[in-house]
Amino acid sequence: YKKVKFYTNAFVIINDAKVLLGYKKRGFGQGLWNGFGGKVDPGETSIQAAQRELEEEAGINAPLEHCGVLFFVVDGADAAFNIDVYRANEYTGTITETDEMRPAWFSIQKEMLPPVNSHTTADCSSTSDKHAEGLPPIPLGQMWADDEFWMPLMFSGRPFVGRADFDADSKMLKWWFAATPAE
Ligand code: 6U4
Ligand code: NA
Ligand code: NA
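The sections below set out a description of the structure shown in this document. Residue indices begin from 1 for each chain and proceed along its sequence in written order. The order in which chains are written sets their letters, starting at A; the order in which ligands are written sets their numbers, starting at 1. Selection of residues for local features in this predicted model requires a pLDDT of at least 70, selection of side-chain atom pairs for listing and counting requires 80 or more, and totals for whole chains, interfaces and linings are taken over all residues. Working from all heavy atoms in the structure, the side-chain values ignore hydrogens and water.

### Digging into the site of ligand 1
A single heavy atom is enough: if one lies within 4 Å of a molecule or strand, its residue is considered near that molecule or strand. In the vicinity of ligand 1 there are 19 residues, among which Thr8, Lys24, Lys39, Asp146 and Asp147 approach most closely. Thr8 places a main-chain nitrogen or oxygen 2.7 Å from an oxygen atom of ligand 1. N or O atoms closer than or at 3.5 Å make up a polar contact, with two conditions inside protein: a donor-capable atom paired with an acceptor-capable one, and, for residues adjacent in sequence, both atoms drawn from side chains. Between ligand 1 and Asn34, the relevant distance is 3.3 Å, taken from an oxygen atom to a side-chain nitrogen or oxygen of the residue. Residues are said to line a cavity or pocket when one of their atoms sits within 4 Å of a point; the points come from a 1 Å grid over protein atoms alone, cavities being sets where a 1.4 Å probe fits but cannot get out and pockets being open sets with protein on both sides within 12 Å along at least five of seven lines. A pocket or cavity is taken to hold a molecule when more than half of that molecule's atoms are within 2 Å of the pocket's grid points. Among the detected pockets, ligand 1 sits in the largest pocket.

What follows is the structure in structure tokens.
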């Protein structure tokens, strides 16, 4: 068998209008904006790890709910990565920058909020929402390449799973995502 390592990644999403991301200042994924998360430590559950990492990296607590699973395969790596994705619509505490992460809010551009069915009109633009006024859009060019494909599924509230394959230089080679049907 190959090895698998378990990670978490958590997002605070307010009013479907803005999302909290962290700029990774060091370590794996340095220079990229990401959700908050890390390894599931021995003796803790996935959601305990997600809550701990959110507090360590952003200084806040949130009622996280599991919303998706990502599976990453990297050429030459000794293990594959299983990432439980969590989201919350609210938080408590004071958002705090740490040595590892610089948190910031981004407005969810309407391209990331696809109409959930053909009857939905295009005027759901969140950029006019007061919660997101003046915020920059999600910086997809400074994020992992897979994010733009599954984040819309997360924002739409549909449980999702997916896999992305990377070469040894973290270039994405292929991806595959699936979600439960919209209601
Ligand atoms: P240590 O060694 O304890 O400092 P830890 O903080 O546990 O590390 P870290 O920060 O390296 O873990 O976690 C990696 C984070 O990056 C996790 O939230 C998962 C996320 N991640 C990794 N590859 C990703 C990818 N291709 N796309 C993505 N997130 C990814 O969106
Ligand atoms: Na981390
Ligand atoms: Na960790």
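Now, onward.
### Here's the deal with the packing of aromatic side chains
Aromatic contacts are taken between Phe, Tyr and Trp rings whose centres are within 6.5 Å, Trp giving its six-membered ring; a plane angle under 30 degrees counts as stacked, one over 60 as edge-to-face, and the others as tilted. Evaluated as defined, the whole model comprises twelve aromatic pairs. Between Trp33 and Phe106, the aromatic rings sit 4.8 Å apart at their centres with planes inclined by 80 degrees, giving edge-to-face as the arrangement. Linking Trp33 in strand E3 (residues 33–34) with Phe106 in strand E8 (residues 101–107), this pair joins segments that are 73 residues apart in sequence. Using a 1.4 Å probe on the protein chains alone, a residue whose accessible area is under 20% of its type maximum counts as buried, one over 50% counts as exposed, and one in between counts as partly exposed. For Trp33, a relative accessible area of 8% translates into the label buried. The residue whose ring lies beneath Lys18 is Trp105, and the NZ or CZ to ring-centre distance is 4.3 Å. For Arg102, the ring lying beneath its charged end belongs to Tyr23, and the centroid distance is 4.9 Å. Only DSSP runs of H or I reaching four residues or more are called helices, and only runs of E reaching two or more are called strands; each is numbered from the N terminus. In this scheme, the term charge over a ring applies when either NZ of a lysine or CZ of an arginine sits within 6 Å of the ring centre and within 35 degrees of the ring normal.

### Here we look at the coordination of the sodium ion (ligand 2)
Coordinating donors are taken to be N, O and S atoms lying within 2.8 Å of the metal, or within 3.2 Å when the metal is Na, K or Ca; because water is excluded from the atom set, some sites may appear incomplete. The protein atoms donating to the sodium ion (ligand 2) are Gly37 (O), Glu53 (OE), Glu57 (OE) and Glu100 (OE), with metal-donor distances spanning 2.1 to 3.2 Å. Bound by six donor atoms, the sodium ion (ligand 2) shows angles of 70 to 155 degrees at the metal and therefore irregular coordination geometry. Written as a sequence motif, the donor arrangement for the sodium ion (ligand 2) is G-x15-E-x3-E-x42-E. For the pair the sodium ion (ligand 2) and the sodium ion (ligand 3), the metal-to-metal distance amounts to 5.1 Å, and Glu53 bridges them. Taken together, the residues span a long stretch of sequence, with Gly37 in the loop between E3 and helix H1 (46–58) and Glu57 in helix H1 at a distance of 20 residues. For the pair shown, Gly37 and Glu57 are each scored as buried. When four donors show all angles between 85 and 135 degrees the site is tetrahedral, when four or six donors have opposite pairs over 155 degrees and all other angles between 65 and 115 it is square planar or octahedral respectively, and in every other case it is irregular.

### Examining the nonpolar core
Counting residues in hydrophobic clusters, the biggest one holds 30 residues, and the most contacted among them are Met154 and Phe155. Of all the elements in the fold, those that place two or more residues in this core are strand E1 (3–14), strand E2 (18–24), strand E5 (65–74), strand E6 (79–88), helix H2 (147–155), strand E9 (160–166) and strand E10 (172–179). Take this core: its biggest share by element is five residues, from H2. By definition in these notes, contact holds between two residues if any of their heavy atoms fall within 4.5 Å. When residues no more than four places from it in sequence are discounted, the contact partners of Phe155 are Ile13, Asp16, Val19, Arg87, Ile108, Met112, Leu113 and Ile138. Nonpolar cores are built from buried Ala, Val, Leu, Ile, Met, Phe, Trp, Tyr and Cys residues. Side-chain atoms within 4.5 Å join them into one set. Core analysis: the second largest hydrophobic core is formed by 15 residues, Ala10, Leu54, Tyr86 and Met101 among them.

### So, H1
Note on helix geometry: an α-helix contains 3.6 residues per turn, so any two residues three or four positions apart are oriented the same way. Expected span of a helix: the number of residues minus one, times 1.5 Å. Over its 13 residues, H1 runs 18 Å from end to end, which matches the ideal 18 Å to within 8%, given 1.5 Å per residue. Of all the positions in H1, only Ser46, Ala49, Ala50, Arg52, Glu53, Leu54, Glu57 and Ala58 are classed as buried. Residues of H1 that are buried sit in contact with E1, strand E4 (60–61), E6 and E8.

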